[in-house]
Amino acid sequence: SAGVAACASAGSGSATDPILGGSRQVAVRAILASRQAKALATNVVSAVAPVPVTAGMRSSEPRRVVVAPPRPSRNRPDVDAVAAALVDSLRQRIDAHPHYIVVAADSVRDALRESRTINGVSQRLKADVIVSVSLVPVKDSVVRLITLHDLTSPQGMDRRVIVSPVAASDPTAGIGALMPQ
């Protein structure tokens with residue numbers, strides 16, 4: 001930082017050689033940009049680093065996952081069929097993974113009748129993860145909003161949102177790429 005400041009003051013312009021002064025400014029800008037990029041990369045890596053297992057987390061047991069369908073559409077009943085296909089596909093793919101147990105659809109439906117809040121559903125179903133699905137119809141396509149609420153992760157690391165537009169005729173396109181490996 002001191003070297004950058006010295007270089008910056010030296011490169012602030014040279015009355016005797018405007019070309020050299022300009023090249024110093026370019027060099028200073030490159031150094032600062034490089035340092036900013038490294039800091040940004042460090043922040044991104046630390047944000048996506050694996051979360052350590054804390055006392056409240058159950059590391060050896062399979063995690064209970066609730067896949068919550070969206071509310072029925074009043075104006076677009078065709079979207080309800082798309083939502084049902086997407087929710088079924090998510091449930092099957094998550095349930096196939098040995099680290100997860102998917103809560104039965106009828107239990108989810110009953111819990112959602114009583115409460116549509118994260119806390120209400122998690123308390124009723126003892127969920128570790130809640131996957132909520134929203135669909136936004138756009139002409140002949142649908143924008144999928146799949147939100148994962150990891151109730152065992154620290155605040156700030158507990159929510160992920162996946163947004164993907166797909167053709168309305170194939171709402172489950174690309175779901176395999178979103179599932180845990």
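Located above this text is the structure these notes cover.
The paragraphs below set out a description of the structure included in this document. Model, not experiment: these values are computed from the prediction.

## Considering empty space enclosed by the protein
Move 1: Applying the stated criterion across every chain, the model contains 1 cavity of 30 Å³ or more.
Move 2: As a volume, the largest cavity reaches approximately 30 Å³.
Move 3: If you trace the largest cavity, you find it lined by Arg-76, Asp-78, Val-79, Val-82, Pro-137, Lys-139, Ser-141, Val-142 and Ala-168.
Move 4: Residue assignment for the lining of the largest cavity shows that the elements contributing at least two residues are α3 (77-95) and β4 (141-150).
Move 5: Element by element, the count of residues in the lining of the largest cavity is highest for α3, at 3 residues.
Move 6: A breakdown of the residues in the lining of the largest cavity according to their chemical character gives 5 nonpolar, 1 polar and 3 charged.

## Considering the sheet that holds strand β3 (residues 129-138)
Move 1: A sheet is described by the order of its strands in space; here 5 strands give the open sequence β2-β1-β3-β4-β5, paired in mixed fashion. If you trace the sheet from one side to the other, it starts and ends with β2 (100-102) and β5 (159-167), each paired once. Averaged over all pairs of adjacent strands, the angle between their axes in this sheet comes to 25°, without regard to strand direction.
Move 2: Strand direction decides the pairing type here: β4 and β5, joined by 9 bridges, are antiparallel. By the bridge assignment for β5, Arg-144 is matched with Ser-164.
Move 3: Its contacts with the sheet put α3 on β1 (63-68), β2, β3 and β4, and the angle it makes with β3 is roughly 150°.

About the criteria used
- Position labels on residues start from 1 in each chain and follow its written sequence.
- Predicted model: local features are reported for residues with pLDDT of at least 70 only, side-chain atom pairs are reported and counted for 80 or more only, and whole-chain, interface and lining totals are derived from all residues.
- Heavy atoms from the whole structure form the basis of all side-chain values; hydrogens and water molecules are not counted.
- The pocket and cavity definitions rest on a 1 Å grid over protein atoms only: a 1.4 Å probe that fits but cannot leave marks a cavity, an open set with protein on both sides within 12 Å along at least five of seven lines marks a pocket, and residues lining either have an atom within 4 Å of a point.
- Grid points are joined across faces, edges and corners, and a volume is the space filled by probe spheres set on the points.
- Only DSSP runs of H or I reaching four residues or more are called helices, and only runs of E reaching two or more are called strands; each is numbered from the N terminus.
- Only Asp, Glu, Lys and Arg are considered charged in this grouping, and only Ala, Val, Leu, Ile, Met, Phe, Trp, Tyr, Cys and Pro are considered nonpolar; every other residue, Gly among them, is considered polar.
- A pair of strands counts as paired when DSSP detects no fewer than two bridges linking them.
- Interaxial angle, 0 to 180 degrees, is taken between N-to-C directions of lines fitted to C-alpha atoms, where a helix line uses only the stretch in contact.
- Note on contacts: a residue pair is in contact if any heavy atoms of the two residues lie within 4.5 Å.

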